[in-house]
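Descriptive analysis of the structure
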Amino acid sequence: MIALKEFDRALGQVVKADSAIKKCILVDRTGLTIAHVSRYSASSVDVDGIGAIASAVFCASEEQGRNLDIGDLLMVSSEFDEGKIFAASCGRGVLCVITDPEVNIGLVRLVMKKATDDLKALLQEFLAEKPIEATAEESTSERAELEAALKELEKF
Amino acid sequence: MAKIRKDSEGRLHFKLVYWGPSLGGKTTSLRYVYDDVEGLDKGGFTSIEDPSGRTLFFDFVPMSASGKILFDVYTVAGQTRHKHQRKVIMRGADGVLFVADSSRSMKQDNIESLQELKDIVGDVLGDQIPLVIALNKRDVDDAMSREEILKDLSLENSSIPVYETIAVKGIGVKRAFQTLSREVLLKQLYGIKTAH
Ligand SMILES: Nc1nc2c(ncn2[C@@H]2O[C@H](COP(=O)(O)OP(=O)(O)OP(=O)(O)O)[C@@H](O)[C@H]2O)c(=O)[nH]1
Ligand SMILES: [Mg+2]
């Protein structure tokens with residue numbers, strides 16, 4: 001199994017590339033937030049909600065591209081008074097980068113290009129269908145978790 | 001089988017989607033589970049809606065039943081014109097709660113909404129992807145009978161779980177959620193459907 005630190009490392013490099021880059025979120029195309037890194041760890045935003053919107057918005061743009069028959073979506077950028085959001089496809093995931101308004105866009109593109117290549121490879125493995133050869137130990141603990149969750153559901 | 005949704009902390013996420021015609025009570029039902037059902041650890045409530053409260057894209061709440069198992073619960077936007085948005089939100093769904101509107105005026109809307117869902121999900125709906133039905137707005141004056149709605153939906157002879165709900169009062173809403181989430185976990189554990 002891919003360690004958490006590999007995603008953190010790849011996302012951390014994006015955040016470290018420029019002080020105008022504030023936050024970086026990796027989502028899949030079903031709305032799941034896989035990993036995220038922030039420049040200010042204390043920032044208290046609702047990352048799962050942000051990730052769900054990021055994924056949905058990106059997928060909606062992709063759908064729009066398909067409807068208009070204009071090919072694959074490479075990047076979405078949104079400009080706000082006080083910041084920018086960039087989202088780019090990385091295989092089965094979408095990388096989102098949140099920056100200050102005056103960020104160097106060329107640099108962001110470059111950094112995201114590098115990161116999306118890395119993440120694409122990581123995700124390929126991580127999001128793969130449940131491997132049949134998952135260690136017995138891994139699948140036992142997963143079963144235990146599922147059974148515990150079932151018990152919790154009975155309670156409320 | 002749907003792809004496993006796992007985050008980098010190793011937590012398993014199951015995606016539950018509330019589907020149904022516009023104004024049927026999807027957002028109200030999820031709101032009730034969010035505000036009033038104890039025993040679930042919930043994250044923030046995210047919604048993309050118009051000023052009148054109708055969903056434009058989706059509502060989303062993550063909830064955890066136990067440490068490493070999470071339910072990512074969504075509602076879709078029921079208005080006809082949001083069809084593309086609904087398709088996006090259905091991606092990766094592990095289970096669906098179909099919220100039908102019992103009002104007689106919604107007869108045709110219920111039928112069309114379920115048909116659209118079947119067209120997107122395919123044969124796995126109600127089998128690999130558990131389906132639970134909520135007959136909402138049981139309190140309205142012109143409510144159709146349970147039998148009539150189920151017949152409209154061609155579900156009169158099926159084993160799909162059905163709950164009668166009044167979302168504005170929270171009646172039946174928790175049970176419907178509980179049953180769906182349970183079915184989804186059981187499917188994951190045993191790959192089979194339980195008897196009801
Ligand atoms: N009488 C009655 N009204 C209800 C019930 N459930 C919801 N409503 C009302 O119906 C209206 C629509 O409810 P919503 O929950 O916003 O409907 P929705 O399915 O999310 O609609 P969309 O977002 O357009 O898809 C609101 O005014 C609710 O208060 C119910 O059980 N009985
Ligand atoms: Mg709604």
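Residues numbered from 1 in each chain as written. Chains lettered and ligands numbered in written order. Predicted model: local features only at pLDDT ≥ 70, side-chain atom pairs only at ≥ 80, totals over all residues. Heavy atoms only, no water.

Moving on: the confidence of the model for chain A. When pLDDT is averaged across chain A, the result is 89; 89% of the residues are at 70 or more. No element of chain A has a lower mean pLDDT than helix α4 (residues 136–155) of chain A, which averages 84, and none a higher one than strand β5 (residues 93–99) of chain A, which averages 97. (pLDDT = per-residue confidence, 0-100. Helix = DSSP H or I, 4+ residues; strand = E, 2+ residues; numbered from the N terminus.)

Turning our attention to the coordination of the magnesium ion (ligand 2). Metal coordination angles have textbook ideals: 109.5 degrees for a tetrahedral set of four donors and 90 or 180 degrees for an octahedral set of six. Residue and element names in this part refer to chain B. Protein ligation of the magnesium ion (ligand 2) involves Thr27 (OG1) and Thr55 (OG1), the donor distances falling in the range 2.0 Å. Here Thr55 lies in strand β5 (residues 55–66) and Thr27 lies in helix α1 (residues 26–36), a separation of 28 residues in the sequence. There is no split in this pair, since Thr27 and Thr55 are both buried. (Donors = N, O, S within 2.8 Å, 3.2 Å for Na, K, Ca; no water. Buried < 20%, exposed > 50% of the residue type's maximum accessible area, 1.4 Å probe, protein only.)

With phi around 55°, Asp69(A) is a residue other than glycine that occupies positive phi space. Locating Asp69(A) in the fold gives a position in the loop between α2 (47–68) and β3 (75–80). You will see that Lys137(B), though not glycine, has its phi angle at about 60°, which is positive. Among the secondary structure elements, Lys137(B) is positioned in the loop between β8 (131–136) and α4 (146–152).

In this structure, Phe177(B) and Leu185(B) are the most contacted members of the largest nonpolar core, which totals 35 residues. Elements with a minimum of two residues in this core: α4 of chain A together with β2 (12–19), α1, β5, β6 (69–76), β7 (95–101), β8 and α5 (173–190) of chain B. At eight residues, α5(B) tops the list of elements feeding residues into this core. In this structure, Phe177(B) is in contact with Phe156(A), Leu16(B), Tyr18(B), Val33(B), Leu40(B), Met63(B) and Val73(B), ignoring residues within four places of it in sequence. Core analysis: the next-biggest nonpolar cluster, separate from the first, contains 32 residues, Trp19(B), Leu117(B), Met144(B) and Val162(B) among them. (Core = buried A, V, L, I, M, F, W, Y, C linked by side-chain atoms within 4.5 Å. Contact = heavy atoms within 4.5 Å.)

This brings us to the state of the cysteines. Residue and element names in this part refer to chain A. According to the stated counting rule, one finds zero disulfides over all chains in the structure shown. As a non-bridged cysteine, Cys90 has Cys96 as the owner of its nearest cysteine sulfur, 8.9 Å distant. The thiol of Cys96 is unpaired, and the distance to the nearest cysteine sulfur, on Cys24, comes to 8.4 Å. (Disulfide = S-S within 2.5 Å.)

Residues and elements named next belong to chain B. Running from N to C, helix α2 (residues 83–90) and helix α3 (residues 107–121) cross one another at 50°; their axes reach a closest spacing of 11 Å. In this view, α2 runs oblique relative to α3, as classed from their interaxial angle. The hand of the α2/α3 crossing is right-handed. In this structure, α2 uses Lys83, Arg86, Lys87 and Met90 to contact α3, whose residues at the interface are Glu116, Leu117, Ile120 and Val121. (Axes fitted to C-alpha atoms, helices over the stretch in contact; angles between N-to-C directions. Parallel < 35°, antiparallel > 145°, perpendicular 65-115°, else oblique. Left-handed = near helix turned anticlockwise from the far one by under 90°.)

Residues and elements named next belong to chain A. With antiparallel pairing, the five strands of this open sheet are ordered in space as β2-β1-β5-β4-β3. Since the sheet does not close on itself, it has two edges, and those belong to β2 (33–38) and β3, each with one partner. Ignoring strand direction, the axes of neighbouring strands in this sheet form an average angle of 15°. Where strand β4 (residues 83–90) and β5 come together, seven bridges link them in antiparallel fashion. By the bridge assignment for β5, Phe86 is matched with Val97. Here helix α3 (residues 105–126) sits on the sheet in contact with β1 (21–28), β2, β3, β4 and β5, set at roughly 40° to β4. (Pairing = 2+ DSSP bridges.)

Residue and element names in this part refer to chain B. Within the structure, ligand 1 sits among 20 residues, and Ser22, Lys26, Thr28, Thr55 and Gly78 are positioned closest to it. Measuring from an oxygen atom of ligand 1, one finds a backbone N or O atom of Leu23 at 2.8 Å. Contact with the protein chains covers 80% of the free accessible surface of ligand 1, which is 660 Å². Residues belonging to the shell around ligand 1 are distributed by class as follows: eight nonpolar, eight polar and four charged. (Near = heavy atom within 4 Å. Polar contact = N/O pair within 3.5 Å; in protein donor to acceptor, adjacent residues only side chain to side chain. Areas by Shrake-Rupley, 256 points an atom, 1.4 Å probe, with all protein chains shown as cover. Nonpolar A, V, L, I, M, F, W, Y, C, P; charged D, E, K, R; others polar.)

So, about the confidence of the model for chain B. Across chain B, pLDDT averages 94, with 96% of residues at or above 70. In the model output, the complex is listed with pTM 0.93 alongside ipTM 0.89.

Looking now at the interface of chain B and chain A. Between chain B and chain A, the contact holds 47 residues from the first and 41 residues from the second. The junction of chain B with chain A conceals about 3700 Å² of combined surface from both sides, 63% of it contributed by carbon and sulfur atoms. Three residues, Ser8(B), Arg91(B) and Leu189(B), lead the burial of chain B against chain A; their summed loss comes to 18% of the area buried on that side. Remark: the boundary between chain B and chain A carries two salt bridges. Glu63(A) serves as the salt-bridge partner of Lys87(B), at 3.1 Å between the closest nitrogen and oxygen. Between chain B and chain A we count seven residue pairs in polar contact (both at pLDDT 80 or more) in total. When the residues that make up the side of chain B that touches chain A are grouped by side-chain class, the tally is 22 nonpolar, twelve polar and 13 charged. (Buried area = accessible area lost by both parts, 1.4 Å probe. Salt bridge = Lys/Arg side-chain N within 4 Å of Asp/Glu carboxyl O.)

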